[in-house]
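Structural features, examined
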Amino acid sequence: MKNIFICLLMIITGLLLSGCGNEQKQVVDIYDKIKARDKLIVGVKYDTKPFGFIDKNQEVTGFDVDLARMIAKYILNDPNKVEFVQVTPQNRILALNSGQIDMIIATMTVTEQRKQVVEFSRPYYVAGQAIMVNKDSLIKNINDLRNKKIIIVLGTTADRNIKNIAPESMIQGYRTYNDAFAALKNNRGDALITDDSILLGLISDDSNFKILSKRYTKEPYAIALKKGPESHKLLFYIDNALNSFEQSGELNNLKRKWIKN
Ligand code: GLU
């Protein structure tokens, strides 16, 4: 009797376990998904010259856009097998983790906080936060920003760091770099803080502003992938691709092409 009971218990346990197994979510490997689709879907900026912006032919272009094409060539043997989706600092992680895009290549700094929610490749560029002011401004450094209005873009590392860098200033957040720069031009703020690489892009269209010499942070840019094991194969290929672009000099060529300082 006892044996029958043990047998029954084993059968029921087995059934329950196999049932649970069926309910487990099937993880779709993102590298395999890209290969099957034969196209990359990449989130890039449309307002962040020289990394991702719309040129005079209404085409999306820039350093990050070129890098996306190089990754498409590396993985799919064709630099044109890529679809671009506009992202902003506020929506890019959601677009990634909801599956709308395969990766973010959008001036995105690696931070410990972001590492909790995305996978990062090795860095491909290092920027640093700087202050931009009107060229006649008396502001010379961060100490002069006390009680001044500082403009930042929401969701960026500047948005996060500003309270540490300039605790006694008044902060104004905007959704895009175009809005932030327009606010500075219209004297709605005294200084704009973000990555030097992005400030250089803004200033290239307008010589009425200057970038102060000090850099307050290090901003390593990396490609972000969806958090989890479904990205591990893709991450391996992307890191290999970036290493090979570094060794071949292609990464340096990109810097020379887009970053003029
Ligand atoms: N690199 C900074 C960041 O990741 C600013 C630029 C951006 O948000 O794309 O927050």
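Residues numbered from 1 in each chain as written. Predicted model: local features only at pLDDT ≥ 70, side-chain atom pairs only at ≥ 80, totals over all residues. Heavy atoms only, no water.

1. Some points on the packing of helix H2 (residues 30-37) against helix H9 (residues 232-248)
Using the following cut-off: Interaxial angles span 0 to 180 degrees and are taken between N-to-C directions of axes, which are lines fitted to C-alpha atoms, for helices over the stretch in contact. A run of H or I in DSSP becomes a helix once it reaches four residues, and a run of E becomes a strand once it reaches two; helices and strands are each numbered from the N terminus. For classification purposes, angles smaller than 35 degrees are called roughly parallel, those larger than 145 roughly antiparallel, those between 65 and 115 roughly perpendicular, and all remaining angles oblique. It only takes one pair of heavy atoms within 4.5 Å for two residues to be counted as in contact. Any residue that is not Ala, Val, Leu, Ile, Met, Phe, Trp, Tyr, Cys, Pro, Asp, Glu, Lys or Arg is counted as polar, Gly included; the first ten are nonpolar and the last four charged.
Viewed as axis vectors pointing N to C, H2 and H9 meet at an angle of 75 degrees, and their least axial separation amounts to 6 Å. Viewed along their axes, H2 and H9 adopt a mutual orientation that is roughly perpendicular. Within the contact between the two elements, H2 uses Ile30, Tyr31, Asp32 and Ile34 and H9 uses Lys233, Leu234 and Tyr237. For the contact of H2 with H9, the class distribution of residues is five nonpolar, no polar and two charged.

2. Regarding empty space enclosed by the protein
What counts, and what does not: Put simply, the grid is 1 Å and covers the protein atoms alone, a cavity is a trapped set of points that fit a 1.4 Å probe, a pocket is an open set with protein on both sides within 12 Å along at least five of seven lines, and lining residues have an atom within 4 Å of a point. Grid points are joined across faces, edges and corners, and a volume is the space filled by probe spheres set on the points.
Counted by the stated rule, this structure contains one cavity of 30 Å³ or more. The space that makes up the largest cavity amounts to roughly 80 Å³. Around the largest cavity, the lining comprises 13 residues; the ones closest to its centre are Arg92, Thr107, Thr156, Tyr177 and Asp195. Broken down by secondary-structure element, the contributors of at least two residues to the lining of the largest cavity are helix H6 (157-165) and strand E12 (191-195). Here the lining of the largest cavity is composed, by residue class, of four nonpolar, five polar and four charged.

3. Here we look at the sheet that holds strand E6 (residues 103-104)
Let me state the cut-off plainly: What makes two strands pair is DSSP finding at least two bridges between them.
Strands sit in the order E5-E1-E6-E15-E7 across an open sheet of five strands; the sheet is mixed. If you trace the sheet from one side to the other, it starts and ends with strand E5 (82-86) and strand E7 (118-120), each paired once. Bridge count between E6 and strand E15 (residues 224-226): two bridges; the pairing is antiparallel. Looking at the pairing, Ile104 lines up with Ala224 of E15.

4. Structural notes on the confidence of the model for the chain
For clarity, the cut-off: Values of pLDDT, ranging from 0 to 100, describe the predictor's confidence in every residue of the model.
Of all residues in the chain, 90% have pLDDT values of 70 or greater, and the mean over the chain is 91. A low-confidence stretch, residues 11-23 (pLDDT under 50), is modelled with zero contacts involving residues beyond four sequence positions or located in other chains.

5. Examining the pairing of strand E10 (residues 149-153)
What counts here: For each residue, the accessible area found with a 1.4 Å probe, counting protein chains only, is set against the maximum for its type, and the residue is called buried under 20%, exposed over 50%, and partly exposed in between. The handedness rule is simple: strands pointing away from the viewer, and a clockwise path from the first strand over the helix to the second, make the crossover right-handed.
Extensive coverage of E10 is indicated by the burial of four of its five residues. Taken together, the five bridges between E10 and strand E11 (residues 170-174) define a ladder with parallel strand orientation. Counted as the bridge partner of Ile151 is Gln172 from E11. Regarding topology, H6 serves as the crossover connection from E10 to the parallel E11, and that connection is right-handed. When E10 meets E12, the two strands line up parallel, connected through two bridges. Each residue of the ladder has a partner; that of Ile150, found in E12, is Ala191.

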